[in-house]
Amino acid sequence: MAFGIETITGKADAGSVRGTQQEIACQCWCTSTGKITPLMVKLKDEEGQIQVIRDITVHTWEKKRYAGIPSTEYDCTLVVNGRCIRAWLIFYQTQGRWVLNFRR
């Protein structure tokens, strides 16, 4: 008999999040079935100014566990100052917080 998170949840733990994370505010749309879609994010830039990103394309999303913490990871393209940036938006359900994880 094996013990561990994979046995309990049926899914392997994804370990720890890799890459550069930044705390963000995220405006979402929640459907009647519980699906969450990110619409806009706000984050601080290097000068401490609040930047607003409204052009978000979600390619895929997946429920994961990072170090045992349930999360939903959105694979997205964000348009910032005319440039397309591929990134992950991660929502930690139990903490009610969002992070932006840039791809490297």
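Throughout, residues of each chain are indexed from 1 in the direction in which the sequence is written. It should be noted that, the model being predicted, local features are given only for residues of pLDDT at least 70 and side-chain atom pairs only at 80 or more, the latter also being counted only at that level, while totals for whole chains, interfaces and linings use all residues. As a rule here, side-chain values cover all heavy atoms of the structure and leave hydrogens and water aside.

### Overview of the pairing of strand β7 (residues 97–102)
Exposed residues in this analysis have more than 50% of their type's maximum accessible area, buried residues have under 20%, and partly exposed residues fall in between, with area computed by a 1.4 Å probe over protein chains only. Secondary structure elements follow DSSP: runs of H or I no shorter than four residues count as helices, runs of E no shorter than two count as strands, and numbering proceeds from the N terminus. The buried fraction of β7 amounts to five of the six residues, a majority that puts the element mostly inside the structure. Two strands are said to pair when DSSP picks up at least two bridges between them. With five bridges joining them, strand β1 (residues 20–30) and β7 adopt antiparallel strand pairing. Bridge assignment links Ile-24 to a residue of β7, and that residue is Trp-98. Relative to β7, strand β6 (residues 83–92) is paired through six bridges, and the arrangement is antiparallel.

### Description of the confidence of the model for the chain
Any segment with low pLDDT has predicted coordinates that should not be analysed in fine detail. Of the residues in the chain, 82% have a pLDDT of 70 or more, and the chain-wide mean is 86. Predicted confidence is poor over residues 1–8, with pLDDT under 50, and the contacts of this stretch with residues over four places away or in other chains come to eight contacts. Confidence of the predictor at the level of single residues is given by pLDDT, which spans 0 to 100. Contacts are assigned to residue pairs with any non-hydrogen atoms lying within 4.5 Å of each other.

### A word on the pattern of salt bridges
When a carboxyl oxygen of Asp or Glu lies within 4 Å of a side-chain nitrogen of Lys or Arg, that pair is called a salt bridge. Following the criterion strictly, the structure yields three salt bridges and no others. With a closest N to O distance of 3.2 Å, Glu-73 and Lys-64 form a salt bridge. Owing to a relative accessible area of 11%, Glu-73 belongs among the buried residues under this scheme. A salt bridge links Asp-75 to Arg-86, with the nearest nitrogen and oxygen atoms 3.0 Å apart. With Asp-75 in strand β5 (residues 69–80) and Arg-86 in strand β6, this residue pair connects regions lying 11 residues apart in the sequence. Look at Asp-75 and you get buried, because its relative accessible area is 12%.

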